[in-house]
Amino acid sequence: MDTTLIAMNDEANRLGSERLLTQMREEGLIYRLWVTGTPKGSRLHMQVNGLNEELEDRLVRVLRGRGMQLDIQPLAP
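Residues numbered from 1 in each chain as written. Predicted model: local features only at pLDDT ≥ 70, side-chain atom pairs only at ≥ 80, totals over all residues. Heavy atoms only, no water.

K.L.:
Looking at this structure, I do not really get the sheet that holds strand S3 (residues 68–74). What am I missing?
P.N.:
By way of backbone hydrogen bonds, the strands of a sheet pair with one another, either parallel or antiparallel. Spatial ordering of the open sheet is given by S1-S2-S3, a layout of 3 strands whose pairing is mixed. Of all the strands in the sheet, the pair left with one neighbour each is strand S1 (31–38) and S3. Direction aside, the axes of adjacent strands within the sheet are offset by 15 degrees on average. Pairing geometry for strand S2 (residues 41–48) and S3, over 7 bridges, is parallel. Its bridge partner lying in S3, Leu 44 is registered against Leu 70. Each of S1, S2 and S3 is contacted by helix H1 (residues 3–20), which is oriented at about 150 degrees to S1, the strand it contacts most. (Pairing = 2+ DSSP bridges. Helix = DSSP H or I, 4+ residues; strand = E, 2+ residues; numbered from the N terminus. Axes fitted to C-alpha atoms, helices over the stretch in contact; angles between N-to-C directions. Contact = heavy atoms within 4.5 Å.)

Encoded structure:
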């Protein structure tokens, strides 16, 4: 896969993930999200305000099954 296709795939994964998080955003979730990719796959990165175990579990349930590795970290102040 060339770099153009990787970038297009990353953007499609970002947009899809943003749509899946709509309900949580409406509930007040504050986060940064970006996707990085290689020819072997993509990784979704999130920095989440107020991250705790319960919230991380919920995020994983919402985002799993998208064919990406998840990297969920607390949002730095």
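K.L.:
Before we go on, may I ask you to explain the pairing of S1 in this structure?
P.N.:
Along a regular strand, successive side chains alternate from one face of the sheet to the other. Where S1 meets S2, 8 bridges bridge the pair, whose relative direction is antiparallel. What sits directly across from Thr 38, in S2, is Gly 41. Count of turn residues in the S1/S2 antiparallel hairpin: 2 residues.

K.L.:
Would you mind showing me how to read H1 here?
P.N.:
Because the α-helix completes a turn every 3.6 residues, residues three or four places apart line up on one side. When the terminal C-alpha atoms of H1 are compared, their 26 Å separation across 18 residues agrees well with the 26 Å that a helix rising 1.5 Å per residue should span. All of the buried residues in H1 are Ile 6, Asp 10, Asn 13, Gly 16, Ser 17 and Glu 18. Those residues of H1 that are buried lie in contact with helix H2 (22–26), S1, S2, helix H3 (53–63) and S3. (Expected span 1.5 Å × (residues − 1). Buried < 20%, exposed > 50% of the residue type's maximum accessible area, 1.4 Å probe, protein only.)

K.L.:
What should I look at first to understand the pattern of salt bridges in this one?
P.N.:
Any two side chains of opposite charge can pair if their charged atoms end up close together. This structure, assessed with the given rule, holds 4 salt bridges. One salt bridge connects Arg 14 with Glu 18, and the closest N-O pair in it is separated by 3.9 Å. Taken together, the positions of Arg 14 and Glu 18, both in helix H1 and 4 residues apart, correspond to about one turn of that helix. Its relative accessible area of 24% is what places Arg 14 among the partly exposed residues. Arg 25 is the salt-bridge partner of Glu 18, the closest N and O atoms lying 3.1 Å from each other. Taking the relative accessible area as the measure of exposure, Arg 25 reaches 35% and is therefore partly exposed. Residues joined in a network through salt bridges with shared partners are Glu 11, Arg 14, Glu 18 and Arg 25. (Salt bridge = Lys/Arg side-chain N within 4 Å of Asp/Glu carboxyl O.)

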